[in-house]
Amino acid sequence: MKKRVLKVLKVLSILLLLLAIVITTAILWPLPKLNTPEKHNSILIKSVNIIDIKSGEILVNRDILIKDNTIKFIDTVGVIKPKNSDFIIDGKGKYIMPGLWDMHTHSNQHSEWLHHPLYIANGITGIRDMSGQLNKRDSYWVGSKERLQWNEDLGNNNRVTPRYVYQGSYQMDGAFSVPNSFPEFFKLQTEEDVVPLLDFYKNEGVNFIKVYQQIPVKAYRKLAFEASNYGIHLAGHKPMFLTLEEAVNLGQRSFEHGRIFMFECFPGADSLRNSDNFKAYFKKSYRSMIADFDLKAASNLMELMRDKNAYWTPTLQIHKFEAFAHKEAFLNNPGLKYISLVRKKLWWGMDISNNKKRNLSNEWKGLSIDFYKAVQEQVKMAHEIGVPIMAGTDVTDSYTFAGFSLHTELEDLTKSGLSNLEALQSATVVSAKYAELDNQYGAVEIGKIADLIILNSNPLENITNTKKIDGVFMNGIYYDNKKIQELKKFTESIATSFHMNVKVIYSLISSPLIRVQFAD
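In what follows, the accompanying structure is described. (Residues numbered from 1 in each chain as written. Predicted model: local features only at pLDDT ≥ 70, side-chain atom pairs only at ≥ 80, totals over all residues. Heavy atoms only, no water.)

Now for the overall build of the protein chain. Counting its regular elements, the protein chain contains 21 helices and 15 strands. Relative to a compact globule of 520 residues, whose C-alpha radius of gyration would be 24 Å, the protein chain shows 24 Å and is just as compact. Once the C-alpha set of the protein chain is aligned to its principal axes, its extents read approximately 85 × 70 × 50 Å. When contacts within the protein chain are restricted to residue pairs at least 6 apart in sequence, those whose partners lie at least 24 apart make up 74%. Averaging the locations of the 63 positively and 56 negatively charged side chains of the protein chain gives two centres separated by 8 Å. (Helix = DSSP H or I, 4+ residues; strand = E, 2+ residues; numbered from the N terminus. Rg over C-alpha atoms; globule rule 2.2 N^0.38 Å. Contact = heavy atoms within 4.5 Å. Lys, Arg positive; Asp, Glu negative; His and termini not counted. Charge placed at Lys NZ, Arg CZ, Asp CG, Glu CD.)

Okay, here's the thing in C-alpha coordinates:
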(Lines give C-alpha, C1' and ligand atoms only; values in the text may rest on other atoms or scores of the structure.)
Protein backbone atom coordinates (compact mmCIF):
# COMPACT_ATOMS: atom_id res chain seq x y z
CA MET A 1 0.00 0.00 0.00
CA LYS A 2 2.79 2.39 0.93
CA LYS A 3 4.60 1.67 -2.34
CA ARG A 4 1.40 2.31 -4.31
CA VAL A 5 0.88 5.67 -2.55
CA LEU A 6 4.48 6.66 -3.23
CA LYS A 7 4.09 5.67 -6.87
CA VAL A 8 0.92 7.76 -7.22
CA LEU A 9 2.62 10.73 -5.55
CA LYS A 10 5.59 10.34 -7.86
CA VAL A 11 3.33 10.33 -10.94
CA LEU A 12 1.44 13.36 -9.66
CA SER A 13 4.70 15.19 -8.99
CA ILE A 14 5.87 14.49 -12.53
CA LEU A 15 2.55 15.65 -13.97
CA LEU A 16 2.62 18.83 -11.89
CA LEU A 17 6.21 19.48 -12.97
CA LEU A 18 5.26 18.99 -16.62
CA LEU A 19 2.27 21.30 -16.19
CA ALA A 20 4.50 23.93 -14.59
CA ILE A 21 6.95 23.63 -17.49
CA VAL A 22 4.15 23.96 -20.06
CA ILE A 23 2.67 27.03 -18.34
CA THR A 24 6.06 28.67 -17.86
CA THR A 25 6.92 28.02 -21.50
CA ALA A 26 3.60 29.56 -22.60
CA ILE A 27 4.22 32.65 -20.45
CA LEU A 28 7.73 33.12 -21.83
CA TRP A 29 6.91 32.11 -25.41
CA PRO A 30 7.41 35.17 -27.67
CA LEU A 31 4.39 36.41 -29.57
CA PRO A 32 4.68 37.12 -33.28
CA LYS A 33 5.35 40.68 -34.38
CA LEU A 34 2.94 42.28 -36.81
CA ASN A 35 5.09 43.94 -39.45
CA THR A 36 3.98 47.23 -40.93
CA PRO A 37 3.43 47.44 -44.70
CA GLU A 38 5.44 49.73 -46.94
CA LYS A 39 5.20 53.42 -46.21
CA HIS A 40 4.60 55.88 -49.07
CA ASN A 41 5.92 59.43 -48.91
CA SER A 42 3.66 60.60 -51.73
CA ILE A 43 0.13 59.27 -52.35
CA LEU A 44 -2.30 60.41 -55.02
CA ILE A 45 -5.95 59.41 -54.59
CA LYS A 46 -7.79 59.92 -57.84
CA SER A 47 -11.44 60.72 -58.50
CA VAL A 48 -12.79 60.09 -54.99
CA ASN A 49 -15.89 61.60 -53.36
CA ILE A 50 -14.93 63.60 -50.27
CA ILE A 51 -17.31 63.70 -47.31
CA ASP A 52 -17.18 67.20 -45.84
CA ILE A 53 -17.57 66.16 -42.21
CA LYS A 54 -18.50 69.67 -41.11
CA SER A 55 -21.21 70.54 -43.63
CA GLY A 56 -22.33 67.12 -44.80
CA GLU A 57 -21.72 68.04 -48.44
CA ILE A 58 -20.12 65.61 -50.88
CA LEU A 59 -17.26 66.99 -52.98
CA VAL A 60 -17.62 64.82 -56.08
CA ASN A 61 -14.68 63.47 -58.11
CA ARG A 62 -11.72 65.06 -56.36
CA ASP A 63 -8.03 64.21 -56.49
CA ILE A 64 -6.12 64.31 -53.19
CA LEU A 65 -2.34 64.54 -52.93
CA ILE A 66 -0.77 63.37 -49.67
CA LYS A 67 2.87 64.03 -48.88
CA ASP A 68 4.61 62.92 -45.69
CA ASN A 69 1.24 61.95 -44.21
CA THR A 70 -0.22 65.44 -44.71
CA ILE A 71 -2.91 66.46 -47.19
CA LYS A 72 -1.15 68.91 -49.52
CA PHE A 73 -3.63 69.48 -52.35
CA ILE A 74 -7.30 68.80 -53.10
CA ASP A 75 -8.58 69.62 -56.57
CA THR A 76 -10.91 68.55 -59.34
CA VAL A 77 -9.94 65.53 -61.39
CA GLY A 78 -6.91 65.98 -63.63
CA VAL A 79 -5.56 69.23 -62.17
CA ILE A 80 -2.96 67.51 -59.95
CA LYS A 81 -0.43 65.89 -62.26
CA PRO A 82 0.87 62.51 -61.04
CA LYS A 83 4.59 61.87 -60.69
CA ASN A 84 6.45 58.61 -61.07
CA SER A 85 7.13 58.60 -57.31
CA ASP A 86 3.42 58.83 -56.41
CA PHE A 87 1.58 55.81 -55.06
CA ILE A 88 -1.70 56.07 -56.96
CA ILE A 89 -5.07 54.85 -55.71
CA ASP A 90 -8.21 54.79 -57.84
CA GLY A 91 -11.05 56.19 -55.74
CA LYS A 92 -13.69 56.30 -58.45
CA GLY A 93 -17.15 55.68 -57.04
CA LYS A 94 -15.84 55.55 -53.48
CA TYR A 95 -16.06 57.93 -50.51
CA ILE A 96 -13.31 59.27 -48.29
CA MET A 97 -13.63 60.60 -44.75
CA PRO A 98 -11.37 61.23 -41.74
CA GLY A 99 -10.39 58.26 -39.61
CA LEU A 100 -12.70 57.52 -36.68
CA TRP A 101 -11.75 58.06 -33.04
CA ASP A 102 -12.94 55.90 -30.15
CA MET A 103 -12.94 58.21 -27.14
CA HIS A 104 -13.37 55.62 -24.38
CA THR A 105 -11.12 52.55 -24.47
CA HIS A 106 -9.02 50.50 -22.07
CA SER A 107 -5.73 49.18 -23.42
CA ASN A 108 -3.59 46.54 -21.80
CA GLN A 109 -0.31 44.70 -22.22
CA HIS A 110 -1.88 42.51 -24.94
CA SER A 111 -3.42 45.30 -27.02
CA GLU A 112 -0.60 45.09 -29.56
CA TRP A 113 -2.01 41.72 -30.65
CA LEU A 114 -5.66 41.72 -29.58
CA HIS A 115 -6.79 45.33 -30.17
CA HIS A 116 -4.53 47.41 -32.40
CA PRO A 117 -4.95 45.35 -35.59
CA LEU A 118 -8.74 45.43 -35.22
CA TYR A 119 -8.77 49.19 -34.65
CA ILE A 120 -6.89 49.82 -37.88
CA ALA A 121 -8.92 47.23 -39.79
CA ASN A 122 -12.07 49.09 -38.75
CA GLY A 123 -10.78 52.56 -39.60
CA ILE A 124 -10.24 53.59 -35.98
CA THR A 125 -7.16 55.78 -36.28
CA GLY A 126 -7.30 57.56 -32.91
CA ILE A 127 -8.28 56.52 -29.40
CA ARG A 128 -8.48 58.06 -25.94
CA ASP A 129 -7.45 55.49 -23.39
CA MET A 130 -9.14 55.64 -19.98
CA SER A 131 -6.74 53.37 -18.10
CA GLY A 132 -3.33 53.87 -16.54
CA GLN A 133 -0.79 52.79 -13.99
CA LEU A 134 0.51 54.00 -10.66
CA ASN A 135 4.27 54.26 -10.04
CA LYS A 136 5.10 50.68 -11.08
CA ARG A 137 4.72 48.88 -14.37
CA ASP A 138 1.62 46.71 -14.17
CA SER A 139 1.39 43.20 -15.61
CA TYR A 140 -2.02 43.96 -17.14
CA TRP A 141 -2.75 47.68 -17.56
CA VAL A 142 -0.53 49.96 -19.63
CA GLY A 143 0.47 53.47 -18.64
CA SER A 144 1.12 56.74 -20.40
CA LYS A 145 4.79 56.04 -21.09
CA GLU A 146 3.98 52.79 -22.87
CA ARG A 147 1.30 54.49 -24.95
CA LEU A 148 3.64 57.37 -25.81
CA GLN A 149 6.19 54.79 -26.93
CA TRP A 150 3.53 53.23 -29.15
CA ASN A 151 2.91 56.65 -30.68
CA GLU A 152 6.63 57.06 -31.30
CA ASP A 153 6.79 53.61 -32.88
CA LEU A 154 3.86 54.57 -35.11
CA GLY A 155 5.74 57.66 -36.28
CA ASN A 156 8.80 55.54 -37.04
CA ASN A 157 6.71 52.97 -38.90
CA ASN A 158 7.63 50.23 -36.42
CA ARG A 159 4.17 49.38 -35.12
CA VAL A 160 0.60 48.82 -36.27
CA THR A 161 -1.39 50.96 -33.86
CA PRO A 162 -3.91 53.78 -33.73
CA ARG A 163 -2.78 57.11 -32.30
CA TYR A 164 -3.23 57.50 -28.57
CA VAL A 165 -4.45 61.08 -28.72
CA TYR A 166 -4.67 61.74 -24.98
CA GLN A 167 -2.87 60.09 -22.07
CA GLY A 168 -4.78 59.32 -18.88
CA SER A 169 -3.93 58.36 -15.32
CA TYR A 170 -4.98 55.32 -13.38
CA GLN A 171 -8.56 55.63 -12.11
CA MET A 172 -8.75 57.80 -9.01
CA ASP A 173 -11.33 56.07 -6.84
CA GLY A 174 -10.12 56.71 -3.32
CA ALA A 175 -8.56 54.13 -1.02
CA PHE A 176 -10.53 51.25 -2.56
CA SER A 177 -8.63 51.32 -5.84
CA VAL A 178 -5.03 51.48 -4.61
CA PRO A 179 -3.13 48.49 -3.18
CA ASN A 180 -1.32 49.17 0.08
CA SER A 181 2.11 48.69 -1.52
CA PHE A 182 1.79 51.97 -3.43
CA PRO A 183 2.36 55.55 -2.20
CA GLU A 184 -0.50 56.89 -0.07
CA PHE A 185 -1.05 59.99 -2.19
CA PHE A 186 -2.66 57.84 -4.92
CA LYS A 187 -5.55 57.19 -2.52
CA LEU A 188 -6.36 60.93 -2.35
CA GLN A 189 -7.63 60.68 1.20
CA THR A 190 -6.64 64.26 2.00
CA GLU A 191 -6.24 67.51 0.10
CA GLU A 192 -2.48 67.29 0.76
CA ASP A 193 -2.33 64.27 -1.58
CA VAL A 194 -3.36 66.30 -4.61
CA VAL A 195 -0.10 68.12 -5.40
CA PRO A 196 2.17 65.02 -5.21
CA LEU A 197 -0.33 63.16 -7.40
CA LEU A 198 -0.33 65.92 -10.02
CA ASP A 199 3.47 66.20 -9.82
CA PHE A 200 3.76 62.48 -10.49
CA TYR A 201 1.36 62.38 -13.43
CA LYS A 202 2.75 65.54 -15.00
CA ASN A 203 6.11 63.77 -15.12
CA GLU A 204 4.39 60.76 -16.71
CA GLY A 205 3.15 62.87 -19.64
CA VAL A 206 -0.51 62.58 -18.66
CA ASN A 207 -3.15 64.92 -20.14
CA PHE A 208 -6.03 64.08 -17.82
CA ILE A 209 -6.74 62.52 -14.46
CA LYS A 210 -9.28 59.71 -14.73
CA VAL A 211 -11.72 60.29 -11.88
CA TYR A 212 -13.98 57.51 -10.67
CA GLN A 213 -17.09 57.25 -8.52
CA GLN A 214 -15.69 56.95 -4.99
CA ILE A 215 -13.09 59.73 -5.12
CA PRO A 216 -13.29 61.73 -1.84
CA VAL A 217 -15.12 65.03 -2.25
CA LYS A 218 -12.54 67.37 -0.69
CA ALA A 219 -9.71 65.81 -2.67
CA TYR A 220 -11.75 66.05 -5.88
CA ARG A 221 -12.41 69.74 -5.32
CA LYS A 222 -8.73 70.41 -4.67
CA LEU A 223 -7.77 68.30 -7.69
CA ALA A 224 -10.13 70.24 -9.95
CA PHE A 225 -8.75 73.53 -8.63
CA GLU A 226 -5.07 72.60 -9.09
CA ALA A 227 -5.13 70.49 -12.26
CA SER A 228 -5.19 73.37 -14.74
CA ASN A 229 -1.94 74.71 -13.25
CA TYR A 230 -0.32 71.53 -14.56
CA GLY A 231 -1.96 71.63 -18.00
CA ILE A 232 -4.08 68.66 -16.90
CA HIS A 233 -7.86 68.30 -16.81
CA LEU A 234 -10.33 65.88 -15.22
CA ALA A 235 -12.26 63.27 -17.20
CA GLY A 236 -14.18 60.16 -16.27
CA HIS A 237 -17.13 59.20 -14.10
CA LYS A 238 -19.32 61.66 -12.26
CA PRO A 239 -18.05 61.46 -8.67
CA MET A 240 -20.84 59.83 -6.68
CA PHE A 241 -20.61 62.02 -3.58
CA LEU A 242 -21.11 65.43 -5.20
CA THR A 243 -23.54 66.81 -7.74
CA LEU A 244 -23.07 66.81 -11.49
CA GLU A 245 -23.67 70.56 -11.35
CA GLU A 246 -20.68 71.06 -9.06
CA ALA A 247 -18.45 68.75 -11.10
CA VAL A 248 -19.27 70.67 -14.28
CA ASN A 249 -18.70 74.03 -12.58
CA LEU A 250 -15.36 72.77 -11.21
CA GLY A 251 -14.26 72.15 -14.78
CA GLN A 252 -14.41 68.38 -15.40
CA ARG A 253 -14.10 68.30 -19.17
CA SER A 254 -15.74 65.00 -20.03
CA PHE A 255 -18.22 62.68 -18.38
CA GLU A 256 -18.45 59.01 -19.22
CA HIS A 257 -21.40 56.63 -19.60
CA GLY A 258 -25.12 57.11 -19.96
CA ARG A 259 -25.97 57.04 -16.26
CA ILE A 260 -24.89 60.55 -15.31
CA PHE A 261 -28.33 62.17 -15.58
CA MET A 262 -30.09 59.13 -14.12
CA PHE A 263 -28.06 59.60 -10.93
CA GLU A 264 -29.08 63.24 -10.65
CA CYS A 265 -32.66 63.59 -11.80
CA PHE A 266 -34.86 61.45 -9.60
CA PRO A 267 -36.36 62.12 -6.12
CA GLY A 268 -33.71 60.07 -4.29
CA ALA A 269 -30.69 61.82 -5.83
CA ASP A 270 -29.60 63.49 -2.59
CA SER A 271 -30.00 60.25 -0.63
CA LEU A 272 -27.94 58.40 -3.24
CA ARG A 273 -25.08 60.89 -2.90
CA ASN A 274 -25.17 60.65 0.90
CA SER A 275 -25.67 56.90 1.17
CA ASP A 276 -23.19 54.75 3.09
CA ASN A 277 -23.60 52.11 0.38
CA PHE A 278 -24.33 53.88 -2.88
CA LYS A 279 -24.25 50.65 -4.91
CA ALA A 280 -27.04 49.11 -2.85
CA TYR A 281 -29.01 52.37 -2.92
CA PHE A 282 -28.54 52.62 -6.69
CA LYS A 283 -29.97 49.12 -7.12
CA LYS A 284 -32.92 49.97 -4.89
CA SER A 285 -33.52 53.22 -6.82
CA TYR A 286 -33.21 51.79 -10.33
CA ARG A 287 -36.94 51.73 -11.02
CA SER A 288 -37.45 55.26 -9.66
CA MET A 289 -34.62 56.61 -11.84
CA ILE A 290 -36.64 55.56 -14.87
CA ALA A 291 -40.21 56.22 -13.73
CA ASP A 292 -39.60 59.46 -11.82
CA PHE A 293 -37.02 61.04 -14.11
CA ASP A 294 -37.15 64.85 -13.81
CA LEU A 295 -36.92 66.28 -17.33
CA LYS A 296 -36.62 69.86 -16.10
CA ALA A 297 -33.69 69.03 -13.82
CA ALA A 298 -32.02 67.12 -16.64
CA SER A 299 -32.56 70.00 -19.05
CA ASN A 300 -30.92 72.45 -16.63
CA LEU A 301 -27.89 70.19 -16.23
CA MET A 302 -27.57 69.69 -19.97
CA GLU A 303 -27.72 73.43 -20.55
CA LEU A 304 -24.96 73.88 -17.98
CA MET A 305 -22.79 71.27 -19.73
CA ARG A 306 -23.37 73.04 -23.03
CA ASP A 307 -22.47 76.43 -21.59
CA LYS A 308 -19.35 75.05 -19.84
CA ASN A 309 -18.32 73.01 -22.90
CA ALA A 310 -18.37 69.76 -20.91
CA TYR A 311 -18.35 66.70 -23.19
CA TRP A 312 -20.40 63.53 -22.75
CA THR A 313 -19.36 60.05 -23.90
CA PRO A 314 -22.50 57.91 -23.41
CA THR A 315 -20.81 54.55 -24.23
CA LEU A 316 -24.16 53.08 -25.25
CA GLN A 317 -22.59 49.65 -25.75
CA ILE A 318 -22.21 48.93 -22.04
CA HIS A 319 -25.84 49.82 -21.31
CA LYS A 320 -26.95 47.81 -24.32
CA PHE A 321 -25.09 44.79 -22.95
CA GLU A 322 -26.76 45.15 -19.55
CA ALA A 323 -30.14 45.37 -21.29
CA PHE A 324 -29.76 42.38 -23.60
CA ALA A 325 -27.36 40.03 -21.80
CA HIS A 326 -30.21 37.50 -21.50
CA LYS A 327 -30.88 37.49 -25.25
CA GLU A 328 -29.11 34.75 -27.24
CA ALA A 329 -29.42 36.75 -30.46
CA PHE A 330 -27.40 39.53 -28.84
CA LEU A 331 -24.83 37.18 -27.32
CA ASN A 332 -24.15 35.37 -30.61
CA ASN A 333 -21.80 38.09 -31.86
CA PRO A 334 -19.41 37.23 -34.72
CA GLY A 335 -16.76 39.35 -32.99
CA LEU A 336 -16.31 36.68 -30.31
CA LYS A 337 -13.70 34.95 -32.45
CA TYR A 338 -11.38 37.89 -31.75
CA ILE A 339 -11.70 37.59 -27.96
CA SER A 340 -9.39 35.41 -25.88
CA LEU A 341 -10.96 32.35 -24.28
CA VAL A 342 -9.90 33.57 -20.82
CA ARG A 343 -11.78 36.85 -21.21
CA LYS A 344 -14.87 35.16 -22.68
CA LYS A 345 -15.12 32.52 -19.97
CA LEU A 346 -13.96 34.44 -16.91
CA TRP A 347 -14.50 38.20 -17.16
CA TRP A 348 -17.29 38.32 -19.72
CA GLY A 349 -18.81 35.01 -18.62
CA MET A 350 -19.30 36.31 -15.10
CA ASP A 351 -20.89 39.52 -16.40
CA ILE A 352 -23.23 37.59 -18.68
CA SER A 353 -24.31 35.28 -15.88
CA ASN A 354 -24.98 38.11 -13.42
CA ASN A 355 -26.88 40.29 -15.88
CA LYS A 356 -28.87 37.38 -17.30
CA LYS A 357 -29.94 36.28 -13.83
CA ARG A 358 -30.94 39.82 -12.93
CA ASN A 359 -32.84 40.49 -16.18
CA LEU A 360 -34.84 37.27 -15.92
CA SER A 361 -35.85 37.82 -12.30
CA ASN A 362 -39.42 38.92 -11.54
CA GLU A 363 -38.14 41.95 -9.64
CA TRP A 364 -36.01 43.20 -12.52
CA LYS A 365 -37.91 42.03 -15.58
CA GLY A 366 -37.74 44.63 -18.36
CA LEU A 367 -35.97 47.24 -16.20
CA SER A 368 -32.56 47.03 -17.88
CA ILE A 369 -34.11 47.51 -21.30
CA ASP A 370 -36.18 50.42 -20.01
CA PHE A 371 -33.01 51.95 -18.52
CA TYR A 372 -31.19 51.63 -21.85
CA LYS A 373 -34.10 53.24 -23.70
CA ALA A 374 -34.13 56.07 -21.14
CA VAL A 375 -30.42 56.67 -21.73
CA GLN A 376 -31.08 56.85 -25.49
CA GLU A 377 -33.78 59.44 -24.89
CA GLN A 378 -31.37 61.48 -22.78
CA VAL A 379 -28.73 61.31 -25.53
CA LYS A 380 -31.29 62.78 -27.92
CA MET A 381 -32.27 65.45 -25.40
CA ALA A 382 -28.68 66.40 -24.58
CA HIS A 383 -27.74 66.57 -28.23
CA GLU A 384 -30.67 68.82 -29.08
CA ILE A 385 -29.75 71.13 -26.20
CA GLY A 386 -26.16 71.32 -27.45
CA VAL A 387 -24.07 69.06 -25.21
CA PRO A 388 -21.02 67.97 -27.27
CA ILE A 389 -21.24 64.18 -27.60
CA MET A 390 -18.26 61.94 -28.33
CA ALA A 391 -18.38 58.36 -29.57
CA GLY A 392 -16.79 55.83 -27.23
CA THR A 393 -17.24 52.12 -26.60
CA ASP A 394 -15.52 51.13 -23.32
CA VAL A 395 -13.31 48.44 -24.84
CA THR A 396 -12.48 46.03 -23.09
CA ASP A 397 -15.72 45.86 -21.13
CA SER A 398 -18.11 42.96 -21.77
CA TYR A 399 -19.30 42.70 -25.35
CA THR A 400 -17.38 45.69 -26.58
CA PHE A 401 -15.16 44.67 -29.47
CA ALA A 402 -12.09 46.66 -30.45
CA GLY A 403 -12.86 48.51 -33.68
CA PHE A 404 -16.15 46.80 -34.48
CA SER A 405 -18.11 48.29 -31.58
CA LEU A 406 -17.37 51.87 -32.63
CA HIS A 407 -19.43 51.27 -35.78
CA THR A 408 -22.24 49.86 -33.63
CA GLU A 409 -21.98 52.89 -31.35
CA LEU A 410 -22.41 55.22 -34.33
CA GLU A 411 -25.47 53.28 -35.42
CA ASP A 412 -26.92 53.39 -31.90
CA LEU A 413 -26.27 57.12 -31.68
CA THR A 414 -28.42 57.60 -34.80
CA LYS A 415 -31.11 55.43 -33.18
CA SER A 416 -30.89 57.82 -30.23
CA GLY A 417 -31.68 60.88 -32.34
CA LEU A 418 -28.43 62.02 -33.97
CA SER A 419 -28.36 62.34 -37.75
CA ASN A 420 -25.87 60.24 -39.69
CA LEU A 421 -23.66 63.30 -40.09
CA GLU A 422 -23.84 64.16 -36.39
CA ALA A 423 -22.91 60.60 -35.44
CA LEU A 424 -19.88 60.77 -37.77
CA GLN A 425 -18.93 64.11 -36.22
CA SER A 426 -18.99 62.56 -32.74
CA ALA A 427 -16.11 60.29 -33.80
CA THR A 428 -14.20 62.86 -35.85
CA VAL A 429 -14.37 66.64 -35.57
CA VAL A 430 -16.08 66.79 -32.14
CA SER A 431 -13.54 64.40 -30.63
CA ALA A 432 -10.63 66.23 -32.27
CA LYS A 433 -11.93 69.51 -30.87
CA TYR A 434 -12.12 68.03 -27.36
CA ALA A 435 -8.49 66.94 -27.69
CA GLU A 436 -7.57 70.42 -28.99
CA LEU A 437 -6.24 68.75 -32.13
CA ASP A 438 -8.87 69.89 -34.63
CA ASN A 439 -6.24 71.92 -36.45
CA GLN A 440 -4.60 68.59 -37.42
CA TYR A 441 -7.35 65.97 -37.40
CA GLY A 442 -11.07 65.41 -37.86
CA ALA A 443 -11.62 66.47 -41.49
CA VAL A 444 -10.39 65.88 -45.03
CA GLU A 445 -8.80 69.28 -45.58
CA ILE A 446 -5.52 70.69 -46.85
CA GLY A 447 -2.96 70.78 -44.07
CA LYS A 448 -4.60 68.03 -42.00
CA ILE A 449 -2.94 64.73 -41.08
CA ALA A 450 -3.93 62.04 -43.59
CA ASP A 451 -5.47 59.49 -41.24
CA LEU A 452 -8.29 58.57 -43.59
CA ILE A 453 -10.81 55.89 -44.56
CA ILE A 454 -12.02 55.00 -48.04
CA LEU A 455 -15.54 53.57 -48.02
CA ASN A 456 -17.41 51.73 -50.75
CA SER A 457 -20.71 53.44 -49.92
CA ASN A 458 -21.88 56.77 -48.51
CA PRO A 459 -22.39 56.72 -44.70
CA LEU A 460 -24.50 59.87 -44.88
CA GLU A 461 -27.15 57.79 -46.64
CA ASN A 462 -26.83 54.83 -44.28
CA ILE A 463 -24.64 54.97 -41.17
CA THR A 464 -23.87 51.25 -41.42
CA ASN A 465 -21.86 52.05 -44.53
CA THR A 466 -18.98 52.99 -42.22
CA LYS A 467 -18.38 49.23 -42.02
CA LYS A 468 -17.88 48.97 -45.80
CA ILE A 469 -14.20 49.86 -45.66
CA ASP A 470 -12.13 49.62 -48.82
CA GLY A 471 -8.92 51.02 -47.34
CA VAL A 472 -7.37 52.85 -44.40
CA PHE A 473 -4.56 55.43 -44.47
CA MET A 474 -2.35 55.60 -41.40
CA ASN A 475 1.02 57.35 -41.20
CA GLY A 476 1.66 57.07 -44.93
CA ILE A 477 0.65 53.40 -45.06
CA TYR A 478 -2.29 52.28 -47.12
CA TYR A 479 -4.08 49.27 -45.70
CA ASP A 480 -6.06 47.92 -48.65
CA ASN A 481 -8.78 45.31 -48.32
CA LYS A 482 -6.29 42.44 -48.44
CA LYS A 483 -4.18 43.93 -45.64
CA ILE A 484 -7.33 44.63 -43.61
CA GLN A 485 -8.31 40.96 -43.80
CA GLU A 486 -4.77 40.00 -42.77
CA LEU A 487 -5.06 42.19 -39.66
CA LYS A 488 -8.30 40.51 -38.65
CA LYS A 489 -6.88 37.03 -39.24
CA PHE A 490 -3.82 37.90 -37.18
CA THR A 491 -5.87 38.79 -34.10
CA GLU A 492 -8.25 35.86 -34.59
CA SER A 493 -5.27 33.48 -34.62
CA ILE A 494 -3.63 35.04 -31.57
CA ALA A 495 -6.87 35.14 -29.55
CA THR A 496 -7.32 31.39 -29.88
CA SER A 497 -3.71 30.46 -29.14
CA PHE A 498 -2.83 28.59 -25.95
CA HIS A 499 0.16 30.76 -25.07
CA MET A 500 -1.81 34.03 -25.41
CA ASN A 501 -4.55 32.76 -23.12
CA VAL A 502 -1.98 31.66 -20.55
CA LYS A 503 -0.34 35.10 -20.77
CA VAL A 504 -3.70 36.83 -20.28
CA ILE A 505 -4.65 34.87 -17.18
CA TYR A 506 -1.14 35.20 -15.75
CA SER A 507 -1.18 38.98 -16.26
CA LEU A 508 -4.60 39.26 -14.58
CA ILE A 509 -3.54 37.20 -11.57
CA SER A 510 -0.24 39.06 -11.27
CA SER A 511 -1.76 42.55 -11.39
CA PRO A 512 -2.34 44.14 -7.96
CA LEU A 513 -4.47 46.78 -9.69
CA ILE A 514 -6.79 44.16 -11.16
CA ARG A 515 -7.04 42.38 -7.82
CA VAL A 516 -8.28 45.49 -5.99
CA GLN A 517 -10.68 46.33 -8.81
CA PHE A 518 -12.29 42.90 -8.61
CA ALA A 519 -12.32 43.00 -4.81
CA ASP A 520 -14.23 46.28 -4.89
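Strand order in this open sheet of three strands is β6-β7-β8, and the pairing throughout is parallel. Looking along the sheet, the strands with just one partner apiece sit at the ends: β6 (100–105) and β8 (163–166). Going from strand to strand, the sheet's axes swing by 35 degrees on average, the running direction of each strand aside. Across four bridges, β6 lies against strand β7 (residues 124–129) in parallel orientation. When the bridges of β7 are listed, T105 appears paired with D129. The strands touched by helix α4 (residues 144–155) within the sheet are β7 and β8, with β8 carrying the most contacts at an inclination of about 130 degrees. Against the sheet, helix α16 (residues 404–415) engages β6 and β7, with an angle of about 95 degrees to β6. (Pairing = 2+ DSSP bridges. Axes fitted to C-alpha atoms, helices over the stretch in contact; angles between N-to-C directions.)

A few words on the packing of aromatic side chains. Any pair of aromatic rings gets described here by the distance separating the centres and the angle formed by the planes. This structure, assessed with the given rule, holds 29 aromatic pairs. Measuring from centroid to centroid gives 5.5 Å for F282 and Y286, while their planes differ by 80 degrees, and the two rings are edge-to-face. With F282 and Y286 both in helix α10 (residues 278–291), this residue pair falls four residues apart, about one helical turn. The residues F282 and Y286 share a single accessibility class, namely buried. Judged by centre distance (4.6 Å) and plane angle (40 degrees), the rings of Y286 and W364 are tilted. With Y286 in helix α10 and W364 in the loop between α14 (341–360) and α15 (367–385), the pair connects residues that are 78 residues apart, well separated along the chain. Both residues of the pair, Y286 and W364, belong to the buried class. Ring pairs connect the aromatic residues F321, F324, F330, W348, Y372, Y399 and F401, which therefore count as one cluster. Lying across the ring of F208, R128 places its NZ or CZ 5.8 Å from the centre. Across from the ring centre of Y286, 6.0 Å away, lies the NZ or CZ of R358, which sits over that ring. (Phe/Tyr/Trp six-rings, centres within 6.5 Å; stacked < 30°, edge-to-face > 60°. Buried < 20%, exposed > 50% of the residue type's maximum accessible area, 1.4 Å probe, protein only. Lys NZ or Arg CZ within 6 Å of the ring centre and 35° of its normal.)

What follows deals with the side chain of H237. Among the structural elements, H237 can be located in the loop between β10 (233–236) and α7 (244–249). Judged by relative accessible area, H237 falls into the buried class, the value being 7%. Separated by 3.5 Å, the side chains of H237 and Q213 make a polar contact. Every residue in contact with H237, bar those within four places of it in the chain, is listed here: K210, V211, Y212, Q213, Q252 and H257. (Polar contact = N/O pair within 3.5 Å; in protein donor to acceptor, adjacent residues only side chain to side chain.)

With that settled, the discussion passes to the sheet that holds β10. In spatial order, the strands read β9-β10-β11-β12; together these four strands make up an open sheet with parallel pairing. Each edge of the sheet is formed by a strand with only one pairing partner; in this case those strands are β9 (208–211) and β12 (311–313). Across this sheet, the average inter-strand angle for adjacent strands is 25 degrees, counted without regard to direction. Direction of pairing for strand β11 (residues 254–256) relative to β12: parallel, over a ladder of three bridges. Paired with E256 across the two strands is T313, which belongs to β12. Across the face of the sheet, helix α6 (residues 217–227) comes into contact with β9 and β10 while running at roughly 130 degrees to β10.

Quick look at the nonpolar core now. Y201, I209, L223, F261 and M305 are the most contacted members of the largest nonpolar core, which totals 134 residues. With ten residues, the single largest contributor to this core is α15. If near-sequence neighbours (up to four positions away) are discounted, F261 is found in contact with L244, F293, L301, M302, M305, W312 and Q378. (Core = buried A, V, L, I, M, F, W, Y, C linked by side-chain atoms within 4.5 Å.)

This next bit is on the pattern of salt bridges. By the definition in use, this model includes 24 salt bridges. Across the pair D451 and R163 runs a salt bridge whose closest N-O atoms are separated by 2.6 Å. Note that D451 is positioned in the loop between α18 (429–434) and β13 (452–455) and R163 in strand β8, a separation of 288 residues in sequence. Residues D451 and R163 agree in their burial class; the two are buried. E264 is paired through a salt bridge with K238; the nearest N and O atoms lie 3.1 Å apart. Of this pair, E264 sits in helix α8 (residues 260–264) while K238 sits in the loop between β10 and α7, and the two are 26 residues apart along the sequence. Of the two residues, E264 and K238, both sit in the buried class. Connected through salt bridges with shared partners, the residues K238, E264, D270 and R273 form a single ionic network. (Salt bridge = Lys/Arg side-chain N within 4 Å of Asp/Glu carboxyl O.)

Let us now look at a nonpolar patch on the surface. Taken together, the side chains of L346, I505, Y506 and I509 present a nonpolar region at the surface, about 380 Å² in accessible area. A relative accessible area of 32% means that I505 is categorised as partly exposed. (Patch = residues over 30% accessible without salt bridge, like charges linked within 9 Å, V, L, I, M, F, W, Y side chains within 5 Å. Areas by Shrake-Rupley, 256 points an atom, 1.4 Å probe, with all protein chains shown as cover.)

For the rest of this paragraph, the subject is the pairing of β7. The element β7 is extensively covered by neighbouring structure, given that six of its six residues are classed as buried. Bridge count between β7 and β8: three bridges; the pairing is parallel. If you follow G126 over to β8, its bridge partner there is R163. Taken together, β7, α4 and β8 constitute a β-α-β crossover, and its handedness is right-handed. (Right-handed = clockwise from strand over helix to strand, strands pointing away.)

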